[in-house]
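What the coordinates show
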Amino acid sequence: MAFATKPGCPMCSIVSSAAASASAPSSPSTSSSAHEILYRDDNFTVYRETANPVSSKGHIVIVFNLHVPSLYTLSSSDLPLLVTLRDLSHRLLSSLQAPSSPLHSPASAQPQNLLATDQGLRSTRQSFRVGFITPPFKDIKIPVTDHLHAHAYVLPADRMGWWRSVAYSSIAWYEVDDLIAEIREETSNNRVRSGVNPRPIDFVPDAGARRGTANGIETTDASLLVGDPEHGEASPSPNLLPPTPGTARAQRHPGPSPDASIPHLQV
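Residues numbered from 1 in each chain as written. Predicted model: local features only at pLDDT ≥ 70, side-chain atom pairs only at ≥ 80, totals over all residues. Heavy atoms only, no water.

1. Quick look at the sheet that holds strand 3 (residues 59-64)
The antiparallel open sheet is built from 6 strands, whose spatial order is 1-2-3-5-4-6. Whereas interior strands pair on both sides, the edge strands pair on one side only; in this sheet they are strand 1 (36-40) and strand 6 (173-175). Neighbouring strand axes in the sheet, compared pairwise and without regard to direction, differ in orientation by 30 degrees on average. (Pairing = 2+ DSSP bridges. Helix = DSSP H or I, 4+ residues; strand = E, 2+ residues; numbered from the N terminus. Axes fitted to C-alpha atoms, helices over the stretch in contact; angles between N-to-C directions.)

2. Remarks on helix 3 (residues 79-97)
Residues spaced three or four apart along an α-helix point in a common direction, a consequence of the helix completing one turn every 3.6 residues. The terminal C-alpha atoms of helix 3, which comprises 19 residues, lie 27 Å apart, in line with the 27 Å expected from a rise of 1.5 Å per residue. Here helix 3 lies mainly inside the structure; 16 of its 19 residues are buried. (Expected span 1.5 Å × (residues − 1). Buried < 20%, exposed > 50% of the residue type's maximum accessible area, 1.4 Å probe, protein only.)

3. Thoughts on the packing of aromatic side chains
In total, this model carries 5 aromatic pairs according to the counting rule given. Look at F44 and F64: their rings are 5.2 Å apart centre to centre, the planes differ by 80 degrees, and that puts the pair in the edge-to-face class. One end of the pair, F44, is in strand 2 (residues 44-48); the other, F64, is in strand 3, with 20 residues separating them in the sequence. Among the aromatic side chains, those forming a connected cluster through ring pairs are Y153, Y168 and W173. (Phe/Tyr/Trp six-rings, centres within 6.5 Å; stacked < 30°, edge-to-face > 60°.)

The structure is reproduced here in structure tokens:
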């Protein structure tokens, strides 16, 4: 299957070990015991970086469960996934600041509740950084470049060091809000950039997730998002969102004819 587990990949090992520990908590594996797993669902495994954190107040790593090789594999249909990643990171970092708060809340508990107001989102953007390190740069303490993962930490980054800080600088760092905004700009021509002051579009996870041509032909790629059927979240279907013709995903997910169109409004 696409994005299958890669033998020898440290991140794949963490994901599989966390899954095994969840199914058999009485016998945790070596890899899972070496990492403090804070959260796991069908899309992400999150662990706390305790060996070499960049911040004494909290540094977490959000690993994609699938062996997604690159940031550039993501498309507009993955916008809800990126919004979930951002909101989940904010919630977990906030929980680290308040140890009495539960860390193992299910994904269905709406991690974006923390960001339900302009003040809440503004506060988290001032306190936390969430993003990706883009190759060829890498965190020298976590040197994995071919399994997509994000870093999130509480400011200030008082344990980073000058050499390691290169990977977290504007040279290599891709803020998740900037990535979301750039994808939205590509699909909807809505020029939105991350900043301290949120805009209404920040509270619409699916905004810009679908794309199509001027004559109503939908060209949205299949998403990596895995839904939770127990909470009424169906996995995105390539039959509903056909892949862009001629792309690698179109070969992996043969959907309906490219003539499938977005329904038109009746005037």
